[in-house]
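# Coordinates in review
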Amino acid sequence: MKNEKLISDDGIRFDGRKIEELRPIKFSLGMLKNADGSAFVEWGKNKILVGVMGPREAHPKHLALADRCRIEVLYRMATFSVGERKSPAPARREHELSKVIKEALEPAIFVEMYPRTTIDIYVEVLQADGSTRCAGISAAALALADAGIPMRDLVSSIAIGKVEGQLVVDVKDEEDKQGDSDMPLAIMPSKNAVTLLQMDGLLTHEEFIRSLEMAKKGCMEVYQRQKEALQEHFQKSANNDEET
Amino acid sequence: MTNEKKKVAVPGELLGVEEEYVPGNNVYVEDGELYSNTYGAVDLDSQNKKIGVTAENKVAIPELGDIVEGVIASAKEDSCSVTIVAIKGKKPLSGNFSGVLHVSQVAKSYVNTIFDAVNLNDRILAKVMTSWAPYQLSTADDDLGVIYATCTRCGEELVFKRGGLFCMRDKFFERKKISRSYLLKEV
């Protein structure tokens, strides 16, 4: 693998995608009975399940915020989600991603509508193949919508990488590990507002500007998928109502 | 239901501008533009120029005026704490809420101590009087109060009989603020 080229001379990536092509993304909603809201995403080989509970009373009580709802995110990778067995203990990376995902979602939620309560978001990565935080954020936005929690906007997310000197959209695991840079972006699509921007590795100023453009385009594509999933779910539940 | 496809709004979907419509349910206004804050079907009231969204799912949280079901978790002379386990007309809760019932809110008439109206582990119907936890509750209305209780001496289920709650085993009446919808009636 090490010596193989990740991008061929005619601009095709090693998994057959073009430079600006996303992996196939499929969102689905409402499959969990006991959670208030849930979503599942198959994003290439990523498989991520998100459950939302709440708003409910904050416990322990001293953590309740007097003027708004507290958002609590738990990002977790299953022990079997990566090639080598991952220790089931929460790792530093998982703590960090929980915080980052929380901060990416919070601006989209009307937190001031439910003071002194908590909303719990559980992001369970069942299978990881790069850009799991982006897939997690996009799926969590749908799970929140499924729970009926009032939101300013959905949140869509994608990562741009630099691989062998070229900028590519939607970074896969191998590209992330062997590439030079990884830049996840999350936006509120209809507000055109950035809620998450990270950068790992090095990009020149020009590359950064171009990455941002590419990421925005990618996010809009993810947004389309999210909207389709919501519409499909609506039709399905409308049909179920008719039958009963 | 008709087969016609209803327009579905997702959170953050632009529905129109303020000059066009009056914001209805689940709509928020930002910079003069109307957006949906939830996901569901769009209802357009073209007569009143009002646009709203019928939420597909609603958050279950006690609100002012809601009727809730609760269990008495602890009681002292002047008040008791209530675990709210369900809200009338809303989906099942994913966590309990806490409420407080003060002796002055128990009934319309004077009640000396809480123990003249409710006791530990009684199931009650109550009305929510405040907007955040711990929710202040009231059982003053006729259909509010105890809906299920057990005997404080033997634990036998109390039965509604001749306007009071009666223990069949110990043959005595317990004093309670009884709801009109008490569950066990004398047969």
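What you see is a predicted model; the values in this text were computed from it and never measured.

Rules behind the numbers
- Residues numbered from 1 in each chain as written.
- Chains lettered and ligands numbered in written order.
- Predicted model: local features only at pLDDT ≥ 70, side-chain atom pairs only at ≥ 80, totals over all residues.
- Heavy atoms only, no water.
- Helix = DSSP H or I, 4+ residues; strand = E, 2+ residues; numbered from the N terminus.
- Rg over C-alpha atoms; globule rule 2.2 N^0.38 Å.
- Buried < 20%, exposed > 50% of the residue type's maximum accessible area, 1.4 Å probe, protein only.
- Contact = heavy atoms within 4.5 Å.
- Areas by Shrake-Rupley, 256 points an atom, 1.4 Å probe, with all protein chains shown as cover.
- Lys, Arg positive; Asp, Glu negative; His and termini not counted.
- Charge placed at Lys NZ, Arg CZ, Asp CG, Glu CD.
- pLDDT = per-residue confidence, 0-100.
- Core = buried A, V, L, I, M, F, W, Y, C linked by side-chain atoms within 4.5 Å.
- Domains from an automatic or database assignment.
- Pairing = 2+ DSSP bridges.
- Axes fitted to C-alpha atoms, helices over the stretch in contact; angles between N-to-C directions.
- Parallel < 35°, antiparallel > 145°, perpendicular 65-115°, else oblique.
- Left-handed = near helix turned anticlockwise from the far one by under 90°.
- Nonpolar A, V, L, I, M, F, W, Y, C, P; charged D, E, K, R; others polar.

This part covers the overall build of chain B. When helices and strands are tallied, chain B shows zero helices and 16 strands. Taken over the C-alpha trace, chain B has a radius of gyration of 22 Å; the compact-globule value for 187 residues is 16 Å, which it surpasses by more than 25%. Projected onto its principal axes, the C-alpha coordinates of chain B cover approximately 70 × 35 × 30 Å. Here chain B holds 187 residues, and 45% of them are scored as buried. Residue pairs in contact within chain B that sit at least 24 positions apart in sequence constitute 52% of those at least 6 positions apart. Carbon and sulfur atoms form 48% of the exposed surface of chain B, whose accessible area is close to 10,000 Å². Of note, chain B has its 23 positive side-chain charges centred 9 Å away from the centre of its 26 negative side-chain charges.

Okay, the confidence of the model for chain B next. Model confidence for chain B is summarised by a mean pLDDT of 93, while 97% of its residues fall at 70 or above. Confidence estimates for the predicted assembly give a pTM of 0.92 and an ipTM of 0.89.

Quick look at the nonpolar core now. Counting 100 residues, the largest nonpolar core has F27, L105, I119, I121 and L144 of chain A together with L137 of chain B as the members making the most contacts within it. Ranked by residue count, the leading element in this core is helix α2 (residues 132–146) of chain A, at nine residues. No fewer than three residues from each of domain 1 (8–55) and domain 2 (67–174) of chain B sit in this core. Contact partners of L137 of chain B, with chain neighbours within four places excluded, come to V68, V82, I84, G99, V100, L101, Q105, A126, K127, V128 and M129 of chain B.

Let us now look at the pairing of strand β7 (residues 166–169) of chain A. Residues and elements named next belong to chain A. Relative to β7, strand β6 (residues 156–163) runs antiparallel, the two sharing four bridges. Each bridged residue has a counterpart across the sheet, and for G161 the counterpart in β7 is V168. Linking two consecutive strands that pair antiparallel, namely β6 and β7, is a turn of two residues; a positive phi of about 45° is found at E164 within it.

Another point: the packing of α2 of chain A against helix α4 (residues 205–243) of chain A. All names here are of chain A. Running from N to C, α2 and α4 cross one another at 30°; their axes reach a closest spacing of 11 Å. As the angle between them shows, α2 and α4 are arranged roughly parallel. Both α2 and α4 take part in a crossing whose hand is right-handed. In this structure, α2 contributes S138, A141, L142, A145 and D146 to the contact, and α4 contributes V222, Q226, A229, L230 and H233. Within the contact of α2 with α4, the residues separate by chemical class into six nonpolar, three polar and one charged.

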